[in-house]
Amino acid sequence: MRRLLLAPVALMALATAAPAAPAVASAPPTERTITDPVEPHKAYDIVSVTLKAASAAGRKARVTVVHGRRVDVGDGIDVWVDSDGDRVPDLFITGVSFSEYGVYRARDWDRHHRDISDRGCASVRMIGTKSVIRFDPSCLGPSERFSVSVRSHVQDRAARTDDYVPGVHRLTKRVLSYTG
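Residues numbered from 1 in each chain as written. Predicted model: local features only at pLDDT ≥ 70, side-chain atom pairs only at ≥ 80, totals over all residues. Heavy atoms only, no water.

This next bit is on the nonpolar core. Formed by 32 residues in total, the largest nonpolar core has its most connected members in V49, I93, F135, F146 and V148. Looking at this core, the elements with two or more residues in it are β2 (46-52), β3 (61-67), β4 (75-82), β5 (91-96), β8 (122-127), β9 (130-135) and β10 (145-154). Per-element tally for this core: the top contributor is β10, with four residues. The next biggest cluster of nonpolar side chains, apart from the first, holds five residues, and it includes F92, A106, W109 and L171. (Core = buried A, V, L, I, M, F, W, Y, C linked by side-chain atoms within 4.5 Å. Buried < 20%, exposed > 50% of the residue type's maximum accessible area, 1.4 Å probe, protein only. Helix = DSSP H or I, 4+ residues; strand = E, 2+ residues; numbered from the N terminus.)

Right, let's get into the pairing of β2. Across the seven residues of β2, five count as buried, placing the element largely inside the fold. Pairing between strand β1 (residues 31-35) and β2: five bridges, direction antiparallel. By the bridge assignment for β2, T33 is matched with T50. Pairing geometry for β2 and β3, over six bridges, is antiparallel. Bridge assignment links I46 to a residue of β3, and that residue is H67. (Pairing = 2+ DSSP bridges.)

In the segment running from V165 into P166, the intervening peptide bond is cis, with an omega of 0°. The backbone of F98 sits at a positive phi, close to 55°, despite the residue not being glycine. Mapped onto the elements of the fold, F98 is located in the loop between β5 and β6 (101-106). The exposure class assigned to F98 is exposed, which follows from its relative accessible area of 60%. Despite not being glycine, H169 shows a phi value in the positive range, around 55°. Residue position: H169 is located in the loop between β11 (163-165) and β12 (175-176). In this structure H169 comes out as partly exposed when scored by relative accessible area, which is 39%.

Evaluated as defined, the whole model comprises one disulfide. Here C121 is linked by a disulfide to C139, with a sulfur-sulfur distance of 1.6 Å. Handedness of the C121-C139 disulfide follows from its S-S torsion of about 50°: it is right-handed. With C121 in the loop between β7 (112-115) and β8 and C139 in the loop between β9 and β10, the pair connects residues that are 18 residues apart, well separated along the chain. What makes C121 buried here is its relative accessible area of 6%. (Disulfide = S-S within 2.5 Å.)

As a further point, take the packing of aromatic side chains. Scanning the entire structure with this criterion turns up four aromatic pairs. Centre to centre, the rings of W80 and F92 are 5.2 Å apart; their planes meet at 45°, and the pair counts as tilted. Of this pair, W80 sits in strand β4 while F92 sits in strand β5; the two residues are 12 residues apart in sequence, bridging distant segments of the chain. Note on W80: relative accessible area 8%, which makes it buried. Taking relative accessible area as the criterion, F92 reaches 9% and is therefore assigned buried. Ring pairs connect the aromatic residues W80, F92, Y104 and W109, which therefore count as one cluster. (Phe/Tyr/Trp six-rings, centres within 6.5 Å; stacked < 30°, edge-to-face > 60°.)

The following block contains the structure:
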């Protein structure tokens, strides 16, 4: 008799614990790496893109792009950031090697409006085989998650040699904007 009473209690405990598991599994991570196949025909080949959440509000998230070769004169990087989860870019960050960079409010993939470089929302650094983009996910408004699309290119080279990760007008899966 005692054994029969314990079985329903154990089943109820499992049933109440089961719904919690999918919610934890669906929460975005704080870091994500996307690897891209080596493509020798690309002018400034992207090997991987890593998204990393900011450590706290007011801190900057980071996107690290690893290239197949060292940065050279004329190499460029463009990053579209969706910081509000609507799968449409909010920020457009662009930089050219050994030069300045620009940060723009984006309305979609092709329309980049107001230059907000003076706000300090983002920075671009290209050194060695890496491009490091740092940005405040909440620069334009509250942000819980972000995703990006990255394009590398070389000035004066054909557009077909541009490398996109994850693809043209496609965003990565999201990561949390802040770890804390």
